[in-house]
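# Topology and contacts: notes
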Amino acid sequence: MSQIIVAQNVDGIVMACENRAIQLDEKGTEISLQINRLLPLTPHCALLISGSAEGRDMGSALKNFLLGEKLNDVQEVYGTAVAYLSTEYERFMRKKCELLPIDPIHQVSFILAGKTEKDQNMPFRLYYLWTKKKLPQIDGDEISHAFSQPRRMGLEFQLNKMCKENAPLKEILKKMTDGMEHLKNKGEVTGPFSFGMITREGYQSLNP
């Protein structure tokens, strides 16, 4: 599973992801490919995609839907995203899988990151959305400060501490990039990586 990491404080959200994926061809052979797992949805929201490469297509469909609905506040986007992605995931599974149980390679999860105008004391929010077998097939919950998928508890602990102390976003970004490089040196991730940030000004890609 490709690595994704997020962290937030009162000044904004920092995001990182590993852009590799595995797909199965018609013969069931694994094919390695690259996809950008960090998708800007609106001027102040972004979606990180973990698991199946088809999650990117689901995210792109959600982005187009949000554009038509003219939604930007993350609290409004969250409710819409859970319902919309549940429908997209069910359509995807009907197309890909003829029999249950679901193959683990088809599992997908998302992290929704963004800004809200409804709470000036907590203007930034993170939500984890995951798949399940019962309808609706996607559920979600709010993330307090930092989260990673797959879980990296040591890095999460450090990022949580920094976020609670309201460390500058640049320092949080450096901790995140250093963490990714450490995992790469251990052979646990391969890259390439994408980094992004959401502040009061909006979403910003941090890639070269």
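Structural data are supplied above this passage.
Notes on the structure in this doc start here. The structure displayed is predicted, hence computed values, not measured ones.

### Observations regarding the sheet that holds strand 8 (residues 124-131)
Taken together, 5 strands build an open sheet; the order of strands is 5-6-7-8-9 and the sheet is antiparallel. The open sheet has two edge strands, strand 5 (38-42) and strand 9 (138-143), and neither has a second partner. For this sheet the average axis-to-axis angle between neighbouring strands, irrespective of direction, equals 25 degrees. Against the sheet, helix 1 (residues 55-69) touches strand 5, strand 6 (45-51) and strand 7 (108-115), its axis set at about 15 degrees to strand 5.

### Here's the deal with helix 4 (residues 169-185)
The first and last C-alpha atoms of helix 4 sit 24 Å apart over 17 residues, in line with the 24 Å expected at 1.5 Å per residue. Listed as buried for helix 4 are Leu 169, Ile 172, Leu 173, Met 176, Gly 179, Met 180 and Leu 183. For helix 4, the arc enclosing every buried residue in end-on projection is 125 degrees, short of the 170-degree limit, so these residues lie on one face. Seen from the open side of helix 4, the exposed residues pointing more than 90 degrees away from its buried face are Lys 170, Lys 174 and Asn 185. Positive phi shows up at Gly 187, right after helix 4, with a value of about 80 degrees.

### Looking at the sheet that holds strand 10 (residues 146-149)
Reading across the sheet, the 5 strands line up as 10-1-2-11-12 and stay open at both edges, with antiparallel pairing between neighbours. The sheet terminates laterally at strand 10 and strand 12 (202-205), the two strands that pair on one side only. Within this sheet the neighbouring strands show an average axis-to-axis angle of 10 degrees, counted without direction. Note: strand 1 (residues 4-9) against strand 2 (residues 12-18), 6 bridges, orientation antiparallel. Looking at the pairing, Asn 9 lines up with Gly 12 of strand 2. Here helix 3 (residues 153-164) sits on the sheet and contacts strand 1 and strand 10; the angle it forms with strand 1, its principal contact strand, is near 20 degrees.

### Describing the pairing of strand 6
With 6 of its 7 residues buried, strand 6 lies for the most part within the structure. Sheet topology note: the strand 5/strand 6 ladder contains 4 bridges and is antiparallel. Each residue of the ladder has a partner; that of Leu 38, found in strand 6, is Leu 48. Hairpin connection, strand 5 to strand 6: the antiparallel pair is bridged by 2 residues.

Cut-off values and rules
- Residues numbered from 1 in each chain as written.
- Predicted model: local features only at pLDDT ≥ 70, side-chain atom pairs only at ≥ 80, totals over all residues.
- Heavy atoms only, no water.
- Pairing = 2+ DSSP bridges.
- Helix = DSSP H or I, 4+ residues; strand = E, 2+ residues; numbered from the N terminus.
- Axes fitted to C-alpha atoms, helices over the stretch in contact; angles between N-to-C directions.
- Contact = heavy atoms within 4.5 Å.
- Expected span 1.5 Å × (residues − 1).
- Buried < 20%, exposed > 50% of the residue type's maximum accessible area, 1.4 Å probe, protein only.
- Arc of directions from axis to C-beta.

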